[in-house]
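What follows is each chain in one-letter form.
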Amino acid sequence: MGTELFDMGDIDIAWCPGCGNFGILKALKEALVETDIHPEQLVIVSGIGQAAKIPHYLKTNVFNGLHGRALPPATAIKAANPFLTVIAESGDGDMYGEGGNHFIHAIRRNPDITNIIHNNMVYGLTKGQASPTSQAGFVTPVQVDGSHSDPFNPIAVAIALDASFVARAFAGDHEQLKEIIKKALSHRGYAMVDILQPCVTFNKVNTYKWFQDHTYYLEDSHDPFDRVEAFRRAIEKDRLPLGIFYMHPDKPTFDETLPVYRRDAAPLFRRELDKEKLIGLVDAKRFR
Amino acid sequence: MVKKTGDISIVLCGEAGHGIQTVEQIITGLLKRSGFHIFATKEYMSRVRGGSNSTQIRVSSVRVSSLLNRIDILIPLSSTALEHVKKRISKETVILADKTIISVQDSKNVPNLIDIPFSDTASEIGGSIYMNSISTGLIAGLFKVGADDLDRYMEQFFSPGDTTTVDKNRNAAQKGYDIAQNLVHSGKINIDIQRDADVRGEIMINGAEAVGIGAIAGGCNFISSYPMSPSTAVLTFLSRNARDFNIIAEQAEDEISAINMALGAWYAGARAMVTTSGGGFALMEEAVGLTGMIESPMVIHIAQRPGPATGLPTRTEQGDLQLALYSGHGEFPRIILAPGKLEDAVDLTHQAFNLADRYQVPVFILTDQYFMDSYYNVPTLNLSKTGIINYIEKTDRDYKRYRLTSNGISPRGIPGYGEGLVLVDSDEHDEEGHITEDLDMRVAMVDKRLSKLKEMTAKAIPPEFVGNNDYKVLIIGWGSTFHVIREAVGNLGRDDVALLHFKQVYPVHPDTVKYLKKAERTIVIEGNATCQFGRLLNLTTGVDIRDRILKYSGIQFTVEELVNSMKTILDREG
């Protein structure tokens with residue numbers, strides 16, 4: 001299926017030749033088309049970094065905010081207008097480092113959004129420092145003796161928080177990546193897709209070849225509703241499983257829990273203040 | 001016999017957890033309902049139990065709305081209470097105290113002490129927690145409130161609690177009331193204040209409620225915040241009213257999330273605000289810059305408290321004007337409002353939403369602990385003057401979020417309303433909203449953003465002038481000090497002294513220079529140590545203001561101390 005609806009035409013893209021981001025952009029556009037989402041009804045919220053530039057490279061509504069802060073506005077946009085499809089998309093440094101606290105609490109709130117993380121295990125735009133997901137021992141211009149921290153495990157953290165949808169994909173496997181993004185987009189509730197992505201310029205360890213050798217797909221028999229088993233698979237280290245680890249689809253979403261939508265589905269901008277009620281509220285202060 | 005007339009200042013002092021605030025709530029409501037003008041404010045420690053907290057309640061035959069140093073009736077409910085307020089005790093202060101509670105030493109040093117068996121009476125009812133209801137009954141009795149009115153109010157206030165609690169509190173109030181009747185009948189104390197029947201139906205609110213009501217009137221339908229004294233009461237107020245007024249009220253994981261959520265909400269068509277105090281606002285600063293860059297509307301309420309860092313969490317100060325004025329890196333316009341009256345807080349918060357939406361800039365409302373926690377009765381609130389002005393426009397296919405216009409304001413579209421796409425970007429961007437490094441476009445965008453300041457200044461809310469037009473001395477104030485300064489200037493008794501009070505502190509109204517230049521002498525009064533507003537006035541008008549009265553102890557100015565400070569300055573070179 002063509003992605004003309006989202007194509008920008010001939011634009012200058014700031015990514016390095018061979019960057020994993022190109023594959024993610026292509027898969028995302030196809031997934032959107034195949035999920036029948038229209039540019040006018042979609043908002044992509046991003047932070048800062050090379051991954052966070054992605055909304056500028058496809059036609060849609062964009063909220064390109066601050067480093068690490070994509071999830072709070074994404075949560076609020078969906079809450080203010082539940083008719084919009086909302087994607088929060090950024091890199092590993094943005095979502096897991098600067099925005100780590102928001103990542104944890106967004107999962108707890110369970111907004112009906114898709115959270116896509118380009119995880120290349122390195123800081124690209126700032127030229128090659130360790131990221132929260134860099135492997136221990138990863139040598140960089142700052143971590144000259146190798147990163148001494150253990151890598152952040154977003155999959156395990158998300159499952160520990162009982163996230164509603166937890167998946168990992170690989171930017172080098174176009175078909176599977178697209179299928180996983182489609183499932184995330186169709187999921188009701190917070191859906192996280194951590195995408196392993198080579199950085200051809202600054203990460204000489206976790207290359208396309210390295211990812212091919214160190215990943216495998218969860219078997220068809222894997223039960224994504226079994227949280228303990230999902231967690232067990234999430235902490236595997238030698239070879240990283242790909243696919244949908246865990247789902248808790250019947251959790252109430254953030255906007256479903258909001259009293260404003262109990263009787264009326266209209267987005268906030270279509271509502272009017274009940275002035276009589278306001279006068280009543282003030283009058284109640286006359287006889288307190 | 002002690003006789004008190006006209007305007008009486010009652011102070012209750014006790015430990016946190018003694019229920020002094022409950023007394024304040026009941027007494028203010030009950031006495032207003034009985035036809036007295038009321039003002040109440042409190043100062044308290046940052047703790048849940050113990051320490052010394054106090055509440056001042058002014059009961060008067062005329063409107064009252066400011067803090068006094070004077071205490072006419074003091075009710076100390078703990079052993080440390082007298083020590084806590086001793087500087088304010090005079091020969092005229094009547095102290096209603098239990099000698100078994102206050103220290104023997106203290107009781108010898110005060111002239112008008114009337115022994116009240118708070119402790120024994122409370123024990124008979126069920127414990128020391130009933131001392132607050134005894135105090136309530138005592139005050140009600142001294143002001144000759146009807147016994148039935150008191151009982152009905154107590155029942156209403158404590159319901160729906162379990163019947164034992166309700167009954168014990170009613171009983172305690174009755175006991176206090178009986179004590180008061182004995183004092184009155186035996187001639188020990190006589191209070192005589194004219195009642196005003198019109199007061200009974202007046203509105204009684206505090207600063208936090210005023211900001212909350214103003215927000216609802218301005219169409220606020222989204223608040224995300226992180227609890228922080230003394231700003232939390234606004235979040236609480238809007239949360240409590242969320243169902244009735246279609247408001248999404250969310251407690252964020254931190255202030256950074258709170259304001260970024262609010263920005264997302266505005267982007268999607270909501271009218272959002274955050275409420276915080278200085279330390280929490282410091283965390284929001286990054287997103288103030290984002291507000292400036294993406295040209296989003298935003299309403300930020302800062303209830304100031306003394307800093308830096310944690311400072312004095314439950315005290316008051318006007319120390320964060322500069323923080324608000326210079327918050328966020330880079331250059332972009334903003335509006336800063338600072339209510340002095342409760343009515344102003346309603347009106348300005350209401351207008352803040354319209355202004356934010358009109359100019360697509362951050363609009364600040366600066367209050368402080370004193371303002372948040374002060375109550376008085378007002379005859380009416382103007383809720384319909386401006387209405388809700390919504391500037392959202394339906395987009396067409398060619399929509400550009402940052403279209404360059406002559407006044408710098410681009411039509412604001414939102415996603416999902418129209419055929420266009422809405423792009424906002426924290427990077428410098430082109431008219432469409434896409435990231436750009438075209439440096440000519442950069443200059444055009446900076447100019448566009450800053451050009452809005454022209455209309456914002458021309459349409460600034462003018463300062464409020466109180467006094468004769470042929471004044472020689474001009475007193476300058478802003479924000480929460482309005483009533484204290486107004487009353488103090490009135491008490492000076494000089495017709496050549498006038499007050500100019502600013503409720504919009506940035507950008508200031510163009511007439512400001514005219515007012516300043518006309519004065520032979522100008523005195524700035526501010527609740528901070530560095531004269532932040534005075535210096536801002538100097539910066540914007542070029543007029544040098546030499547005389548300043550500054551206070552930064554964490555307590556609001558009192559009327560008496562302002563009168564003294566002004567006299568000292570005026571006598572110096574008079």
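Look above for the structure.
The text that follows walks through the structure, step by step, so that each part is easy to find. (Residues numbered from 1 in each chain as written. Chains lettered and ligands numbered in written order. Predicted model: local features only at pLDDT ≥ 70, side-chain atom pairs only at ≥ 80, totals over all residues. Heavy atoms only, no water.)

**Some remarks on the overall build of chain A**
For step 1, the next point in the chain: In terms of helices and strands, chain A carries ten helices and eight strands.
For step 2, the next point in the chain: Taken over C-alpha atoms, the radius of gyration comes to 20 Å for chain A, in line with the 19 Å a tight globule of 288 residues would show.
For step 3, the next point in the chain: In terms of its C-alpha atoms, chain A occupies a principal-axis envelope of roughly 70 × 45 × 40 Å.
For step 4, the next point in the chain: Scored against the burial criterion, the 288 residues of chain A give a buried share of 57%.
For step 5, the next point in the chain: A separation of at least 24 residues holds for 70% of the contacts in chain A among residues at least 6 apart in sequence. (Helix = DSSP H or I, 4+ residues; strand = E, 2+ residues; numbered from the N terminus. Rg over C-alpha atoms; globule rule 2.2 N^0.38 Å. Buried < 20%, exposed > 50% of the residue type's maximum accessible area, 1.4 Å probe, protein only. Contact = heavy atoms within 4.5 Å.)

**A short note on the interface of chain A and chain B**
For step 1, the next point in the chain: Every contact between the two is made by 52 residues of chain A and, on the other side, 68 residues of chain B.
For step 2, the next point in the chain: Between chain A and chain B the total buried area reaches about 5,000 Å² when both faces are included, carbon and sulfur atoms providing 63% of it.
For step 3, the next point in the chain: Applying the counting criterion to the chain A and chain B interface returns four salt bridges.
For step 4, the next point in the chain: With its nearest N and O atoms 3.2 Å apart, the salt bridge here joins E286(B) to R69(A).
For step 5, the next point in the chain: Counting every contact that joins chain A to chain B gives 23 residue pairs in polar contact (both at pLDDT 80 or more).
For step 6, the next point in the chain: Counting only elements with at least two residues in the side of chain A that touches chain B, the list comes to β2 (61-64), α2 (71-80), α4 (100-109) and α10 (275-283) of chain A.
For step 7, the next point in the chain: Partitioning the side of chain A that touches chain B into residue classes produces 27 nonpolar, eleven polar and 14 charged.
For step 8, the next point in the chain: Alignment of β2(A) against strand β17 (residues 423-425) of chain B, held across three bridges, turns out to be parallel. Within β17(B), the position partnered with V62(A) by the bridge is L423(B). (Buried area = accessible area lost by both parts, 1.4 Å probe. Salt bridge = Lys/Arg side-chain N within 4 Å of Asp/Glu carboxyl O. Polar contact = N/O pair within 3.5 Å; in protein donor to acceptor, adjacent residues only side chain to side chain. Nonpolar A, V, L, I, M, F, W, Y, C, P; charged D, E, K, R; others polar. Pairing = 2+ DSSP bridges.)

**Side note on the pattern of salt bridges**
For step 1, the next point in the chain: For the structure shown, the criterion picks out 48 salt bridges over all chains.
For step 2, the next point in the chain: Residues E83(B) and K86(B) are paired through a salt bridge, measuring 2.8 Å at the closest nitrogen-oxygen approach.
For step 3, the next point in the chain: You can call E83(B) partly exposed: its relative accessible area is 44%.
For step 4, the next point in the chain: Note on K86(B): relative accessible area 46%, which makes it partly exposed.
For step 5, the next point in the chain: The partner of E455(B) in a salt bridge is R358(B), and the shortest N-O contact between them spans 2.9 Å. One end of the pair, E455(B), is in helix α15 (residues 439-458); the other, R358(B), is in helix α13 (residues 342-359), with 97 residues separating them in the sequence.
For step 6, the next point in the chain: Taking relative accessible area as the criterion, R358(B) reaches 22% and is therefore assigned partly exposed.
For step 7, the next point in the chain: Via salt bridges that share partners, K26(A), E30(A), E34(A), E175(A), K178(A), E179(A) and K182(A) belong to a single interconnected network.

**A few points about the packing of aromatic side chains**
For step 1, the next point in the chain: This structure, assessed with the given rule, holds 19 aromatic pairs over all chains.
For step 2, the next point in the chain: Relative to Y267(B), the ring of F63(A) has its centre 5.4 Å away and its plane inclined at 85°; by these criteria the two rings are edge-to-face. Of this pair, F63(A) sits in strand β2 while Y267(B) sits in helix α10 (residues 255-267), each in a different chain.
For step 3, the next point in the chain: The buried category is assigned to Y267(B), whose relative accessible area is 5%. (Phe/Tyr/Trp six-rings, centres within 6.5 Å; stacked < 30°, edge-to-face > 60°.)

**A closer look at the nonpolar core**
All names here are of chain B.
For step 1, the next point in the chain: Core analysis: the biggest nonpolar cluster contains 168 residues, and L238, M273, I475 and F533 have the highest contact counts within it.
For step 2, the next point in the chain: The element best represented in this core is α13, accounting for nine residues.
For step 3, the next point in the chain: In contact with L238, not counting residues within four places along its chain, are G212, A215, I216, C220, I223, I247 and M273.
For step 4, the next point in the chain: Counting 51 residues, the second largest nonpolar core, distinct from the first, contains V23, A173, A180 and Y375. (Core = buried A, V, L, I, M, F, W, Y, C linked by side-chain atoms within 4.5 Å.)

**What about the sheet that holds strand β20 (residues 497-502) of chain B?**
Residue and element names in this part refer to chain B.
For step 1, the next point in the chain: Strand order in the open sheet made by the five strands is β18-β20-β19-β22-β23, with mixed pairing throughout. What marks the edges here is a single partner per strand, and that holds for β18 (464-466) and β23 (547-550). When strand polarity is set aside, the average angle formed by the axes of neighbouring strands in this sheet is 20°.
For step 2, the next point in the chain: Across three bridges, the pairing between β18 and β20 is antiparallel. Across the sheet, the residue bridging to F465 is L500, located in β20.
For step 3, the next point in the chain: Most of the contacts of helix α16 (residues 482-492) go to β20, to which it runs at about 175°, and overall it touches β18, β19 (473-478), β20 and β22 (521-526). (Axes fitted to C-alpha atoms, helices over the stretch in contact; angles between N-to-C directions.)

**Some thoughts on the sheet that holds β17(B)**
For step 1, the next point in the chain: As summarised here, the arrangement of the nine strands in space is β7(A)-β8(A)-β5(A)-β6(A)-β4(A)-β3(A)-β1(A)-β2(A)-β17(B), forming an open sheet in which the pairing is mixed. Strand pairing shows two members of the sheet lacking a second neighbour, β7 (215-217) of chain A together with β17 of chain B, which therefore form its edges. Across the sheet, the mean angle separating the axes of adjacent strands is 20° when strand polarity is ignored.
For step 2, the next point in the chain: In this structure, strand β5 (residues 165-170) of chain A lies alongside strand β8 (residues 240-247) of chain A, joined through four bridges in antiparallel fashion. Looking at the pairing, V166(A) lines up with Y246(A) of β8(A).
For step 3, the next point in the chain: In the packing of α2(A) onto the sheet, contacts are made with β1 (42-46), β2, β3 (85-91) and β4 (114-119) of chain A, and the angle to β3(A) comes to roughly 175°.
For step 4, the next point in the chain: Relative to the sheet, helix α8 (residues 227-234) of chain A contacts β7 and β8 of chain A, its axis offset from that of β8(A) by approximately 155°.

**Thoughts on unusual backbone geometry**
For step 1, the next point in the chain: For the peptide bond that leads from S229(B) to P230(B), omega is 0°, which places it in the cis range.
For step 2, the next point in the chain: Take P230(B): it is sitting in the loop between β10 (222-225) and α9 (232-240).
For step 3, the next point in the chain: With an omega of -5°, the peptide bond between G307(B) and P308(B) qualifies as cis.
For step 4, the next point in the chain: You can see P308(B) is positioned in the loop between β13 (298-304) and α12 (321-326).
For step 5, the next point in the chain: One non-glycine residue, M121(A), lies in positive phi territory at about 60°.
For step 6, the next point in the chain: When you line up the elements, M121(A) lands in the loop between β4 and α5 (154-160).
For step 7, the next point in the chain: Owing to a relative accessible area of 5%, M121(A) belongs among the buried residues under this scheme.
For step 8, the next point in the chain: One non-glycine residue, Q360(B), adopts positive backbone phi at about 55°.
For step 9, the next point in the chain: With respect to the secondary-structure elements, Q360(B) resides in the loop between α13 and β15 (362-368).
For step 10, the next point in the chain: Exposure remark for Q360(B): the relative accessible area of 3% places this residue in the buried category.

**Digging into the environment of A197(B)**
For step 1, the next point in the chain: With respect to the helices, strands and loops of the structure, A197(B) is situated in the loop between β8 (189-192) and β9 (203-206).
For step 2, the next point in the chain: For A197(B) and A309(B), which are 112 residues apart along the polypeptide, the C-alpha to C-alpha distance reads 47 Å.

**Examining the pairing of strand β12 (residues 272-276) of chain B**
Residues and elements named next belong to chain B.
For step 1, the next point in the chain: Counting buried positions along β12 gives five out of five residues, so the element sits mostly inside the fold.
For step 2, the next point in the chain: Judged by which residues are buried, β12 turns out to be covered on both faces: A272, V274 and T276 on one side and M273 and T275 on the other are all buried.
For step 3, the next point in the chain: Pairing between β10 and β12: two bridges, direction parallel. Pairing of I223 across the sheet is with M273, part of β12.

**Here's the deal with the side chain of N377(B)**
All names here are of chain B.
For step 1, the next point in the chain: With respect to the helices and strands, N377 occurs in strand β16 (residues 375-378).
For step 2, the next point in the chain: Under the relative-accessibility criterion, N377 is labelled buried at 4%.
For step 3, the next point in the chain: Side-chain polar atoms of N377 contact the side chain of E202, separated by 2.9 Å.
For step 4, the next point in the chain: The residues contacting N377, other than those within four sequence positions of it, are K32, H37, I38, R63, V199, E202, I203 and M204.

**Here's the deal with a positive patch on the surface**
For step 1, the next point in the chain: Taken together, the side chains of R262(A), R263(A), K277(A) and R243(B) define a basic patch exposed on the protein surface.
For step 2, the next point in the chain: With respect to the helices and strands, the residue R262(A) is situated in the loop between α9 (254-257) and α10. (Patch = residues over 30% accessible without salt bridge, like charges linked within 9 Å, V, L, I, M, F, W, Y side chains within 5 Å. Areas by Shrake-Rupley, 256 points an atom, 1.4 Å probe, with all protein chains shown as cover. Lys, Arg positive; Asp, Glu negative; His and termini not counted. Charge placed at Lys NZ, Arg CZ, Asp CG, Glu CD.)

**Some words on the pairing of β9(B)**
Residues and elements named next belong to chain B.
For step 1, the next point in the chain: Across the two faces of β9 the burial is the same, with I203 and I205 and M204 and N206 all buried.
For step 2, the next point in the chain: Pairing between β9 and β16: four bridges, direction antiparallel. Following the sheet pairing, I205 is matched in β16 by Y376.

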